[in-house]
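Structural characterization, general
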Amino acid sequence: MSLLEPIPKHFRSGFVALIGRPNVGKSTLINQLVGEKVAITSPVAQTTRNRLRAILTTPNSQLVMVDTPGIHKPHHLLGERLVKSAKMTIGEVDVVLLLLEACHLPGRGDSFIVNLLRQQQIPVLVALNKSDLISNEDYLVKEAAYKTLLQDSGWPIYRCSALNGDGCNVLIEALANNLPIGPQLYPSDTVSDQPERVLLAELIREQVLLQTREEIPHSVAVKIDRLEEVPDSTPPKKRRGYTAILATVFVERKSQKGILIGKGGGMMKSIGQAARLQMQALIDGPVYLELFVKVVPDWRSKPARLAELGYEVN
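Note that this is a predicted model, so its numbers are computed, not measured.

Notes on the overall build of the protein chain
- The secondary structure content of the protein chain amounts to nine helices and nine strands.
- Across the protein chain, the fraction of contacts at a sequence separation of at least 24, relative to all contacts at a separation of at least 6, is 74%.
- Of the roughly 15300 Å² that the protein chain leaves accessible, carbon and sulfur atoms contribute 52%.

So this is what it looks like as structure tokens:
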């Protein structure tokens with residue numbers, strides 16, 4: 001179904017915000033629901049920094065899902081802007097999906113978010129994620145604890161696994177039923193509205209998160225400096241060329257630069273190779289990737305640097 005084709009009379013469309021603490025699986029669930037990788041994931045908390053919009057189109061609905069940064073207590077200007085961005089999203093969508101961890105009992109962070117959502121006049125659905133990690137008996141214990149936390153809210157609870165997809169089809173149907181009747185907002189084959197440069201930068205940052213020590217992840221940012229299609233000059237002339245990408249990885253300390261580069265450049269080579277494979281899947285073609293590392297002390301607390309890297313909140 002394209003925008004030029006007729007849509008069902010009762011077609012539903014709208015915006016869904018995924019809200020939750022850091023590292024509860026919001027990005028993994030986004031990718032599972034859409035069926036493609038549109039958000040980076042890692043075991044490191046606070047992986048998501050941008051308000052990514054992922055689009056899922058079904059025969060009867062279109063869900064524009066907003067993956068938000070995890071709500072947490074900020075410790076620097078970047079953290080403050082990320083939390084503000086997540087809170088702003090709540091007032092801009094049609095329905096909120098509150099993601100909680102079925103493998104853990106509720107904590108203070110969960111209570112804070114629940115109280116925040118109670119103040120909003122907006123439908124809220126609750127998903128208990130990571131249910132595949134525990135037994136049915138343990139799940140019932142955790143579900144009861146979350147029902148106590150959510151008492152009198154009237155918010156329905158759904159069991160799901162972002163990792164293997166259990167319960168996701170039921171969750172999609174429930175979210176769609178809470179959207180208003182309206183037209184299709186994006187072409188059916190669109191899965192994200194992020195600019196290509198942002199997606200490419202995120203793929204590099206994902207590999208940094210996956211391959212470096214704990215002192216690196218929150219101090220790193222990536223900027224695409226050059227993105228160019230290079231034609232193949234060798235016969236046959238119609239052969240497809242490659243995409244040249246030059247990017248800068250920002251860190252806050254010289255010691256972090258050393259870790260990123262690694263002995264004999266080994267760490268940077270590994271990060272580049274893994275990112276390039278992901279980029280080739282995204283672009284559907286060969287990629288030449290060159291990475292540079294730049295030290296910018298305390299960049300997370302400098303408004304000008306945050307603006308340069310796209311972390312602005314109006």
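Resuming the write-up.
Comments concerning the sheet that holds strand S4 (residues 95–101)
- Here we have six strands laid out as an open sheet, ordered S2-S3-S1-S4-S5-S6, and mixed in their pairing. In the strand order of this sheet, the two ends are held by strand S2 (52–58) and strand S6 (157–159), each with one partner. Each adjacent strand pair in this sheet contributes to an overall mean axis angle of 25 degrees, direction not counted.
- By the bridge criterion, seven bridges tie strand S1 (residues 12–19) to strand S3 (residues 61–67) in an arrangement that is parallel. Bridge pairing in S3 links Phe15 to Val64.
- The strands touched by helix H4 (residues 136–149) are S4, strand S5 (124–129) and S6; relative to S6, the strand with the most contacts, the crossing angle is about 160 degrees.

A few points about the nonpolar core
- Formed by 30 residues in total, the largest nonpolar core has its most connected members in Val16, Leu29, Leu63, Met65, Leu97 and Leu175.
- Counting residues per element, this core draws most heavily on helix H5 (residues 168–177), at six residues.
- If we ignore the near neighbours within four places in the chain, the residues touching Val16 are Leu63, Val64, Met65, Val66, Val93, Val95, Leu97, Leu175 and Leu179.
- With 23 residues, the next largest nonpolar core counts Leu116, Leu117, Tyr146 and Leu150 among its residues.

Here we look at helix H8 (residues 266–283)
- Here H8 spans 25 Å end to end across 18 residues, near enough to the 26 Å set by a 1.5 Å rise per residue.
- Of the positions making up H8, those classed as buried are Met268, Ile271, Gly272, Ala275, Met279 and Ile283. Taken around the axis of H8, the buried residues stretch over an arc of 95 degrees, which confines them to a single face. Within H8, the exposed residues directed more than 90 degrees away from the buried face are Lys269, Leu277 and Ala281.
- Of the surrounding elements, those touching the buried residues of H8 are helix H6 (196–211), strand S8 (242–251), helix H7 (254–261) and strand S9 (287–295).

A closer look at the environment of Tyr288
- On the secondary structure map, Tyr288 appears in strand S9.
- We classify Tyr288 as partly exposed; its relative accessible area is 42%.
- Along the chain, Tyr288 and Leu246 lie 42 residues apart, while their C-alpha atoms are 8.4 Å from each other.
- Apart from residues lying up to four places away in sequence, Tyr288 is in contact with Tyr242, Thr243, Ala244 and Ile245.

Here we look at the sheet that holds strand S7 (residues 221–230)
- If you trace the three strands from one edge of the open sheet to the other, you get S7-S8-S9, paired in mixed fashion. Here the strands that pair on one side only, and so sit at the sheet edges, are S7 and S9. The mean angle between the axes of side-by-side strands here comes to 15 degrees, regardless of whether they run parallel or antiparallel.
- Where S7 meets S8, nine bridges bridge the pair, whose relative direction is antiparallel. Bridging across to S8, Val230 finds its partner in Tyr242.
- Strand contacts of H6: S7, S8 and S9, with the helix running at about 125 degrees to S7, the strand carrying the most contacts.
- Contacts between H8 and the sheet are confined to S8 and S9, with S9 contributing the most and set at about 135 degrees to the helix.

Looking at the side chain of Ser61
- Residue placement: Ser61 occurs in strand S3.
- Only 2.7 Å separates the side chain of Ser61 from the side chain of Thr58, close enough to count as a polar contact.
- When neighbours within four sequence positions are excluded, Ser61 is seen to be in contact with Phe11, Arg12, Leu56 and Ala176.

A closer look at unusual backbone geometry
- The backbone of Asn23 shows a phi angle near 70 degrees, a positive value even though the residue is not glycine.
- Checked against the element boundaries, Asn23 lands in the loop between S1 and helix H1 (26–34).
- The backbone phi angle of Lys130 is positive, close to 65 degrees, even though this residue is not glycine.
- Relative accessible area serves as the criterion here: at 19%, Lys130 is assigned to the buried category.

What about the side chain of Glu252?
- The topology assignment puts Glu252 in the loop between S8 and H7.
- Glu252 gets classed as buried once you look at its relative accessible area, which sits at 9%.
- Separated by 3.3 Å, the side chain of Glu252 and the backbone nitrogen of Trp299 make a polar contact.
- When near neighbours in sequence (up to four residues on either side) are disregarded, Glu252 contacts Ser219, Val295, Val296, Pro297, Asp298, Trp299 and Arg300.

Things to note about the packing of H7 against H8
- Two elements in contact, H7 and H8, have axes whose closest approach is 4 Å; the angle formed by their N-to-C orientations is 65 degrees. Between H7 and H8, the contacting residues are Ile259, Leu260 and Ile261 on the first element and Gly266, Met267, Met268 and Ile271 on the second.
- When grouped by side-chain class, the residues that make up the contact of H7 with H8 number six nonpolar, one polar and no charged.

Cut-offs used in this document
- Residues numbered from 1 in each chain as written.
- Predicted model: local features only at pLDDT ≥ 70, side-chain atom pairs only at ≥ 80, totals over all residues.
- Heavy atoms only, no water.
- Helix = DSSP H or I, 4+ residues; strand = E, 2+ residues; numbered from the N terminus.
- Contact = heavy atoms within 4.5 Å.
- Areas by Shrake-Rupley, 256 points an atom, 1.4 Å probe, with all protein chains shown as cover.
- Pairing = 2+ DSSP bridges.
- Axes fitted to C-alpha atoms, helices over the stretch in contact; angles between N-to-C directions.
- Core = buried A, V, L, I, M, F, W, Y, C linked by side-chain atoms within 4.5 Å.
- Buried < 20%, exposed > 50% of the residue type's maximum accessible area, 1.4 Å probe, protein only.
- Expected span 1.5 Å × (residues − 1).
- Arc of directions from axis to C-beta.
- Polar contact = N/O pair within 3.5 Å; in protein donor to acceptor, adjacent residues only side chain to side chain.
- Nonpolar A, V, L, I, M, F, W, Y, C, P; charged D, E, K, R; others polar.

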